[in-house]
Amino acid sequence: MPSPVVVFIGAPASGKSKIAKRVAALLQVPRIDTDKVVVAEHGPIADIFDNSGEATFRAYERAAVKDALQHRAIVSLGGGAVLDPDTQKDLTTVPVVLLTVSEEAVASRISDPKRPLLRDGIEAWKKLVAARMPIYSELAWNTFDTSAGDLDAIAEDIVSWISSGTPRQGVSS
C-alpha cells in the first residue's frame with residue numbers, strides 16, 4: 001500500500017498547509033490537506049464545531065487522516081489531528097515533520113474566524129501548543145521553524161531532507 005512522502009504536523013497557524021503546498025510542487029507529487037478534505041465533505045470547521053461539537057469534527061478528521069495516509073502524497077494534518085490515538089499509531093511508520101512557530105510570529109496569523117479553538121487569541125494558542133507539544137515531539141522525525149516566514153526556503157530545506165532519505169533528526173526544544 002502506498003504511504004505518504006511526508007506528513008506535516010504542528011500547532012494551528014504554523015504553516016502546515018502553505019509549506020505542504022510548496023513541498024508538493026517542488027517534488028511534483030499530490031498534496032492532501034485533511035482540514036480541506038473535512039471542509040469539502042462536511043462544511044466549514046467552525047460550523048461543525050458550533051453545530052455538532054468538537055467530537056463530531058474529530059471523527060470526521062480521523063476519517064480524513066486515515067484515508068490520506070493511504071496515498072503517496074504530501075499530507076498536512078490539522079493541528080489537533082494528533083490527539084487521536086489511532087492517528088498517533090499510524091504516524092509512527094511514516095516520515096513526520098513538525099512545523100513550529102514562535103508566539104510572536106503566530107500572533108498575526110491566528111485572527112482567522114475559521115479557527116474555532118483560537119477564538120480567545122494568543123492565550124488559547126499557547127495553551128493548545130503546551131498541551132500538544134509532547135505528542136508533536138514524540139511523533140516528529142524532524143522539525144522546521146516557520147517563524148522567520150521564508151516559506152520557500154523552508155520548503156527547499158524540507159525537500160533536501162526528504163531527498164536525503166528522511167533520517168530521524170529528533171526535535172529541538
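Before reading on, note that the structure itself is shown above.
Residues numbered from 1 in each chain as written. Predicted model: local features only at pLDDT ≥ 70, side-chain atom pairs only at ≥ 80, totals over all residues. Heavy atoms only, no water.

**Section: the overall build of the chain**
Scanning the chain from N- to C-terminus turns up eight helices and five strands. Its helices and strands in sequence order give the chain the pattern β-α-β-α-α-α-β-α-β-α-α-β-α, from N to C terminus. Relative to the globule expectation of 16 Å for 173 residues, the C-alpha radius of gyration of the chain, 15 Å, shows essentially globular dimensions. Projected onto its principal axes, the C-alpha coordinates of the chain cover approximately 45 × 40 × 25 Å. Residue pairs at least 24 apart in sequence account for 74% of intrachain contacts in the chain once pairs closer than 6 positions are excluded. As presented, the chain carries roughly 8600 Å² of accessible surface, and 51% of it is formed by carbon and sulfur atoms. Separation between the mean location of the 19 positive side-chain charges and that of the 22 negative ones in the chain comes to 2 Å. (Helix = DSSP H or I, 4+ residues; strand = E, 2+ residues; numbered from the N terminus. Rg over C-alpha atoms; globule rule 2.2 N^0.38 Å. Contact = heavy atoms within 4.5 Å. Areas by Shrake-Rupley, 256 points an atom, 1.4 Å probe, with all protein chains shown as cover. Lys, Arg positive; Asp, Glu negative; His and termini not counted. Charge placed at Lys NZ, Arg CZ, Asp CG, Glu CD.)

**Focus: the sheet that holds strand β4 (residues 96–100)**
The strand order β2-β3-β1-β4-β5 describes an open sheet built from five strands, whose pairing is parallel. Each having just a single partner strand, β2 (31–33) and β5 (142–145) make up the two edges of the open sheet. For this sheet the average axis-to-axis angle between neighbouring strands, irrespective of direction, equals 20°. Sheet topology places β4 next to β5; four bridges connect them, and they run parallel. Each residue of the ladder has a partner; that of T100, found in β5, is D145. Helix-sheet contacts for helix α1 (residues 16–27) involve β1 (6–10), β2, β3 (74–76) and β4, and the interaxial angle to β3 is about 175°. (Pairing = 2+ DSSP bridges. Axes fitted to C-alpha atoms, helices over the stretch in contact; angles between N-to-C directions.)

**What about helix α3 (residues 45–52)?**
Inspection of α3 places I45, A46, I48 and F49 among the buried residues, and these make up the whole buried set. One side of α3 holds all its buried residues, which, seen down the axis, span an arc of 165°. The inward-facing, buried residues of α3 abut α2 (34–42) and α4 (54–68). (Buried < 20%, exposed > 50% of the residue type's maximum accessible area, 1.4 Å probe, protein only. Arc of directions from axis to C-beta.)

**Comments concerning the environment of D145**
Mapped onto the elements of the fold, D145 is located in strand β5. Relative accessible area serves as the criterion here: at 39%, D145 is assigned to the partly exposed category. For the pair D145 and V75, spaced 70 residues apart in sequence, the C-alpha to C-alpha distance is 18 Å. Among all residues touching D145, those that are not within four sequence positions of it are T100, V101, S102 and I154. Of the polar contacts made by the side chain of D145, one reaches the side chain of S147; its length is 2.7 Å. (Polar contact = N/O pair within 3.5 Å; in protein donor to acceptor, adjacent residues only side chain to side chain.)

**A word on the pairing of β1**
β1 sits mainly inside the fold: five of its five residues count as buried. Of the two faces of β1, both are covered, the one formed by V6, F8 and G10 as well as the one formed by V7 and I9. Bridge count for β1 against β3 is three bridges, and the pairing is parallel. Each residue of the ladder has a partner; that of V7, found in β3, is V75. With four bridges connecting them, β1 and β4 associate as parallel partners. The residue bridging I9 from the neighbouring strand is L98, located in β4.

**Looking at the packing of aromatic side chains**
Think of a pair of aromatic rings as described by two things: how far the centres are apart, and how the planes are tilted against each other in angle. Counted according to the given criterion, the structure contains one aromatic pair. When the centroid spacing of 5.2 Å and the interplanar angle of 40° are considered together, the rings of F49 and F57 count as tilted. (Phe/Tyr/Trp six-rings, centres within 6.5 Å; stacked < 30°, edge-to-face > 60°.)

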